[in-house]
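So you can see what is in the structure, the chains are spelled out below.
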Amino acid sequence: MSSSAIPATEVVIAADCWQAEASAESVVLRAIEAAATMIDADTGDAELAVMLTDDDGVRALNASYRGIDKPTNVLSFPAPQPDYQDACQDSGGAPQMLGDIAIAYQTVRREADDEGKPFADHLSHLAVHGFLHLVGYDHETDAEAETMESTERSILAGLGIPDPYADQDRVS
């Protein structure tokens, strides 16, 4: 297990539909904390934001930034990372910004229901998945996907959440 510290994480509830999941913010924070403590990246002096929004909000982001005009479950927007020493000198000790994560309620609810998974487990998985993208993980190649999925499995197992890939091939 890594000795990384936990990044400062702000959860913003941007859509009323999330009111149906009163524990959503704590679920996301718990998942990010678990991920940060298990990976080999120093995120203790970093910040990130998680926006809990709806399908319309994620669809707009997906269209604007990826050219894909449809909702998806989670989007990650890693912040550009300057050289660490330059950043420390330039920022005057201000926290490093990891980036932002957006999660769409309706898509997450539908997927959890379709897959027979507890909503909190699926939300945890997507928070972990989004966080891993912020710290450099990806799934563009089979090797990258296997590394990322293996890391997700380990983090989620530490939270008592079953393997999210047990019944599917890969996150796309």
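See the structure printed just above.
Described below are features of the structure shown in this document.

Conventions and cut-offs
- Residues numbered from 1 in each chain as written.
- Predicted model: local features only at pLDDT ≥ 70, side-chain atom pairs only at ≥ 80, totals over all residues.
- Heavy atoms only, no water.
- Salt bridge = Lys/Arg side-chain N within 4 Å of Asp/Glu carboxyl O.
- Helix = DSSP H or I, 4+ residues; strand = E, 2+ residues; numbered from the N terminus.
- Buried < 20%, exposed > 50% of the residue type's maximum accessible area, 1.4 Å probe, protein only.
- Axes fitted to C-alpha atoms, helices over the stretch in contact; angles between N-to-C directions.
- Parallel < 35°, antiparallel > 145°, perpendicular 65-115°, else oblique.
- Left-handed = near helix turned anticlockwise from the far one by under 90°.
- Contact = heavy atoms within 4.5 Å.
- Core = buried A, V, L, I, M, F, W, Y, C linked by side-chain atoms within 4.5 Å.
- Pairing = 2+ DSSP bridges.
- Phe/Tyr/Trp six-rings, centres within 6.5 Å; stacked < 30°, edge-to-face > 60°.

### Focus: the pattern of salt bridges
All chains considered together, the criterion is met by seven salt bridges. For Asp69, the salt bridge is made with Arg59, and the minimal N-O distance between the two is 2.9 Å. Within this pair, whereas Asp69 is found in the loop between helix H2 (55–66) and strand S3 (74–78), its partner Arg59 is found in helix H2, the two being separated by 10 residues in sequence. A relative accessible area of 52% places Asp69 in the exposed class. On the basis of relative accessible area, Arg59 is assigned to the partly exposed category, the value being 35%. For the salt bridge of Arg109 with Asp113, the shortest nitrogen-to-oxygen distance reads 3.1 Å. In this pair, Arg109 and Asp113 are both assigned in helix H4 (residues 105–115), four residues apart and thus about one turn of the helix distant. Accessibility expressed as a relative area gives 24% for Arg109, which makes it partly exposed. Take Asp113: its relative accessible area is 48%, and that puts it in the partly exposed class. Salt bridges sharing common partners tie together Glu146, Glu149, Arg153 and Asp163.

### Let's talk about the packing of helix H1 (residues 24–38) against helix H5 (residues 119–134)
Helix packing for two helices is described by the angle between their axes and how far apart those axes are. At a minimum axis distance of 8 Å, the contact between H1 and H5 shows a crossing angle of 45°. In terms of orientation, H1 and H5 fall into the oblique class. For the element pair H1 and H5, the recorded crossing hand is right-handed. Between H1, through Ala24, Val27, Val28, Ala31, Ile32, Ala35 and Ala36, and H5, the contact on the second element is made entirely by Ala120, Leu123, Ser124, Ala127, Val128 and Phe131.

### Some words on the nonpolar core
Trp18, Ile101, Ile103 and Phe131 are the most contacted members of the largest nonpolar core, which totals 36 residues. Taken together, the elements giving at least two residues each to this core come down to H1, strand S2 (46–53), strand S4 (96–104), H4, H5 and helix H6 (142–158). Residues within four places of Phe131 in sequence aside, it is in contact with Pro7, Ile32, Ala35, Ala36, Ile39, Thr43, Leu48, Leu98 and Ile101.

### Some points on the sheet that holds strand S1 (residues 8–13)
Ordered by their spatial adjacency, four strands build an open sheet running S1-S2-S4-S3, and the pairing between neighbours is mixed. Both edges of this open sheet fall to S1 and S3, since each of them pairs with a single strand only. Each neighbouring strand pair of the sheet contributes to a mean axis angle of 15°, computed without reference to strand direction. Pairing between S1 and S2: six bridges, direction parallel. By the bridge assignment for S2, Glu10 is matched with Ala49. Docked against the sheet, H1 engages S1, S2 and S4, running at close to 155° with respect to S1. Across the sheet, H4 is in contact with S2 and S4; its angle to S4 comes to roughly 65°.

### Considering the packing of aromatic side chains
Under the counting rule described, the total for this entry stands at four aromatic pairs. Aromatic side chains Tyr65 and Phe77 sit 5.1 Å apart centroid to centroid with 65° between the ring planes, which places their arrangement in the edge-to-face category. In this pair, Tyr65 is assigned in helix H2 and Phe77 in strand S3, connecting sequence segments 12 residues apart. Ring geometry for Tyr105 versus Phe119: centroids 5.6 Å apart, planes at 50°, classification tilted.

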